[in-house]
Amino acid sequence: VLEHVDDPFAAMREIRRILRPGGHLLLAVPHIWPYHPCPEDYWRFTQQGVLELCTRSGIAARRLVSTGGGIAAVAQLFNIIVFGAVGRCGAPLFVFTNALGYFLDRVARTDLLCMNFACLAQKET
């Protein structure tokens, strides 16, 4: 939910405070995702942004991975645009587009464009 927090650095400092020494954090944040205010929507994160969040809060990033590569991200954005035009009537198309995006993403994966980032981080002792 860090994209909904006006100060994600303060939120990360609070996460660090409540983690026990040596404790782990699994952090997942959006990179390419449409605006979704519930109630607010402030941030999208890059690889460097996730690493900076961890560094500034005193949590060591151990592993950073992208989720949903470039083709899957484009397929998802296509579905969102079509949904805006036709709503739930497009459900069969969404299933097909998601399956195609998933398959093509596995064949020609690129992490330069992705839907999200996941980071395994650890509070140092």
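Residues numbered from 1 in each chain as written. Predicted model: local features only at pLDDT ≥ 70, side-chain atom pairs only at ≥ 80, totals over all residues. Heavy atoms only, no water.

*Asks:* Any chance you could explain helix α3 (residues 70-86) here in plain terms?
*Replies:* Each full turn of the α-helix corresponds to 3.6 residues, which orients residues three or four apart in the same direction. Here α3 is 17 residues long and its end C-alpha atoms lie 24 Å apart, about the 24 Å a rise of 1.5 Å per residue gives. Of the residues making up α3, those classed as buried are G70, A72, A73, A75, N79 and V82. Taken from the residues just after α3, G87 is the one with a positive phi, measuring 65°. (Helix = DSSP H or I, 4+ residues; strand = E, 2+ residues; numbered from the N terminus. Expected span 1.5 Å × (residues − 1). Buried < 20%, exposed > 50% of the residue type's maximum accessible area, 1.4 Å probe, protein only.)

*Asks:* Explanation requested: the pattern of salt bridges in the structure shown.
*Replies:* Applying the stated criterion to the full structure yields five salt bridges. As a salt-bridge pair, R17 and E14 come within 2.7 Å of each other at their nearest N and O atoms. In this pair, R17 and E14 both sit in helix α1 (residues 8-18), three residues apart, roughly one turn of the helix. Between R44 and D41 there is a salt bridge; the shortest N-O distance is 2.6 Å. Overlapping salt bridges, with partners in common, bring together D105, R109 and D111 in one network. (Salt bridge = Lys/Arg side-chain N within 4 Å of Asp/Glu carboxyl O.)

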